[in-house]
Amino acid sequence: MSEQNIDYHDQEPAIELPHDLDDAQRALAEVQALLRKQKVIESVVHNQQTTVNPERQSLVEELVHRQHLTELGNKLYLLHPADVAYVLESLPQEERMLVWGLVRSDRDGDILLELSDAVRESLIKSMDSEELFAATESLDADEIAELAPDLPRDVVEKLASSLSLEEREQLRAAMSYPEDTVGARMDFDMVTIRDDVTLEVVLRYLRRFDELPDQTDQVFVVDRVDHFKGSLPLDRLLVNEPETLVSEVMSREVLMLSALDDAYEAAQAFERYDLVSAPVLDPSGKLIGRLTVNEVVDVIREESEADLLSSAGLREEEDLFASVWESAKNRWLWLGLNLCTAFFASRVIDTFEGTIAKVVALATLMPIVAGIAGNSGNQTMTLMIRSLALGQVTAANFKLLLKKELAIAGLNGLVWGSVAGLAAWGLYLGSPNAVMLGLLMTLAVMLNLLVAALIGVLVPLGLEKMGRDPAMGSSVLLTFTTDSMGFFIFLGLASLFF
């Protein structure tokens, strides 16, 4: 991929403009409209018959094409990098590559940072080493570290050699931490001061900056060897007398993070304490970076997306317009498992073939038992997965939680089982088996809801104990259990009743 030779007007990028929640959707609609317009007009021009000169026809087509590319390029130039990323993720491959080719090369790196992993990988594969180096050379060390796993090794080495010694060490440090840790997410751009200076000195020091690092709500207080001592919130800096020493107004009760802390747990702490930034320390207590709220928002979003995909049995984030083959492979594992569980459920039904032959109404009623238990189990499982993610489920309260969910299932089973029983009795009122069918439905629904509650609690907990994602395929396992056990309970009781 290389930037096409487009003459951009003298316009400022959209990062200087106010935003609202509809900007990304509006930008996508406008880009799609321009792409459609380009196709229509170029098709009309191409189909026009000319008897003057074929070369002139070709020149007209080229001019029309360049005019639309210029218009589209100018539109992209006015968009925030996050909005451009949203547009790219929402376009089919062919249009995505056309739009990516119109993005100014000095904005490529910022846009790559905003893209989902799957789309980012596809765009990086379309670029050669020189283009990738040009796109990323202006990024900070922590941003390069974020892209490094997707970049060719020679590009990473070239980027590292272009950095200063301090930045190179920061890059090495950021790349040395696992992806899901605070160290891999921390920012090295921060302001540090000493505690033996006055606030007036701090103010003069801050005025030397062209601008403060993003999300700077506090400056960090360190000793001469960078060991962390506390922080000075900017509001205290502004409201206290200039002659006051930093040590007199600094905050010593600060949430301190370790580089090896889990990033999602750190994000929960940010949410709990309404933080904007927090210091990151090494094992010796030396300040090595900071975690900021913009990274925390990304962590929470990525975790939520991962849970959503995992609960549906998808192994990884999927490009919306990836090839059919790649998308199909991503969905195979749990579809295969689901097929096996469906066959198992069918064998349960086959075991009671004789009972069903006696009372044909059983065949129409048994899906109700499985369906209502599946819904109830999903409610329990969703609550359990959320509580595990928040760290609220412990050995001390697990038994109480299990008893509560079983009690809820029992109560719901009694209420809705009775409703289902009355409905079954009403449907087959003229049949000699009407009363028995009603009683059967009540008992089967109650028992299967208890099973669903048990599975909804134990499956996520069991997966977490095994070091797996509690949401990974939980809904598939729940459906298998509620279907198989629902059929077994319903038909097993029916064989006793009839």
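Counting restarts for each chain, with residues numbered from 1 along the sequence as it is written. This being a predicted model, a pLDDT of at least 70 is required before a residue's local features are given, and a value of 80 or more before pairs of side-chain atoms are given or counted; all residues contribute to the totals for chains, interfaces and linings. Hydrogens and water are ignored here; the side-chain numbers use all heavy atoms of the structure.

Even after reading the chapter, I still don't get the pattern of salt bridges, so can you show me in this structure?
Any two side chains of opposite charge can pair, so long as their charged atoms come close to each other. Whenever a carboxyl oxygen of Asp or Glu lies within 4 Å of a side-chain nitrogen of Lys or Arg, that contact is scored as a salt bridge. Under the counting rule described, the total for this entry stands at 16 salt bridges. The salt bridge partner of Lys229 is Asp195, with a shortest N-O separation of 2.7 Å. On the criterion of sequence distance, the pair formed by Lys229 in strand β3 (residues 228-233) and Asp195 in the loop between β1 (192-193) and α12 (199-206) is long-range, its members being 34 residues apart. Here the term buried applies to any residue with accessible area under 20% of the maximum for its type, exposed to any over 50%, and partly exposed to those in between, with areas from a 1.4 Å probe on protein chains only. Residue classification places Asp195 among the buried positions, given a relative accessible area of 16%. Here a strand is any run of E in DSSP of at least two residues, a helix any run of H or I of at least four, and the numbering for each starts at the N terminus.

Sorry, what's going on with unusual backbone geometry here?
Apart from glycine, the bulk of residues carry a negative phi angle, and the bulk of peptide bonds sit in the trans form. Look at Asp226: it is not a glycine, yet its phi comes out positive at around 70°. When you line up the elements, Asp226 lands in the loop between β2 (218-222) and β3. Asp226 sits in the partly exposed class, given a relative accessible area of 33%. Non-glycine residue Asp274 carries a positive phi angle of around 55°.

Where do I start with the packing of aromatic side chains in this structure?
Here a pair means two rings of Phe, Tyr or Trp (six-membered ring of Trp) with centres within 6.5 Å. Their orientation is stacked below 30 degrees between planes, edge-to-face above 60, and tilted elsewhere. For the structure on display, the rule yields four aromatic pairs. Ring geometry for Tyr205 and Phe209: centres 5.3 Å apart, planes at 80°, overall edge-to-face. Take Phe209: its relative accessible area is 29%, and that puts it in the partly exposed class. On the basis of an interplanar angle of 65° and a centroid distance of 5.6 Å, the ring pair of Phe344 and Phe480 is categorised as edge-to-face. Of the two residues, Phe344 sits in helix α18 (residues 332-351) while Phe480 sits in helix α23 (residues 474-497), which places them 136 residues apart along the sequence. Given the relative accessible area of 46%, Phe344 is considered partly exposed. Should the NZ of a Lys or the CZ of an Arg lie within 6 Å of a ring centre and within 35 degrees of the ring normal, that charge is described as sitting over the ring. The residue whose ring lies beneath Lys158 is Phe133, and the NZ or CZ to ring-centre distance is 4.4 Å.

Would you take a moment to explain the environment of Ala33 for this structure?
Among the secondary structure elements, Ala33 is positioned in helix α1 (residues 23-47). In sequence terms Ala33 and Leu72 are 39 residues apart; their C-alpha atoms lie 10.0 Å from each other.

Explain a negative patch on the surface to me, please; I cannot follow it from the model alone.
Patch construction takes residues with relative accessible area above 30% that form no salt bridge. Like charges are linked within 9 Å, and nonpolar side chains (Val, Leu, Ile, Met, Phe, Trp, Tyr) are linked within 5 Å. Surface accessibility in these figures is a Shrake-Rupley result with a 1.4 Å probe; residues are shielded only by whichever protein chains are displayed. Positive charges come from Lys and Arg alone, negative charges from Asp and Glu alone, with His and the N- and C-terminal ends not counted. Lysine's charge is taken at NZ, arginine's at CZ, aspartate's at CG and glutamate's at CD. Where like charges cluster on the molecular surface, the negative patch consists of Asp140, Glu166, Glu167, Asp189, Asp210, Glu211 and Asp214. On the secondary structure map, Glu211 appears in the loop between α12 and β2.

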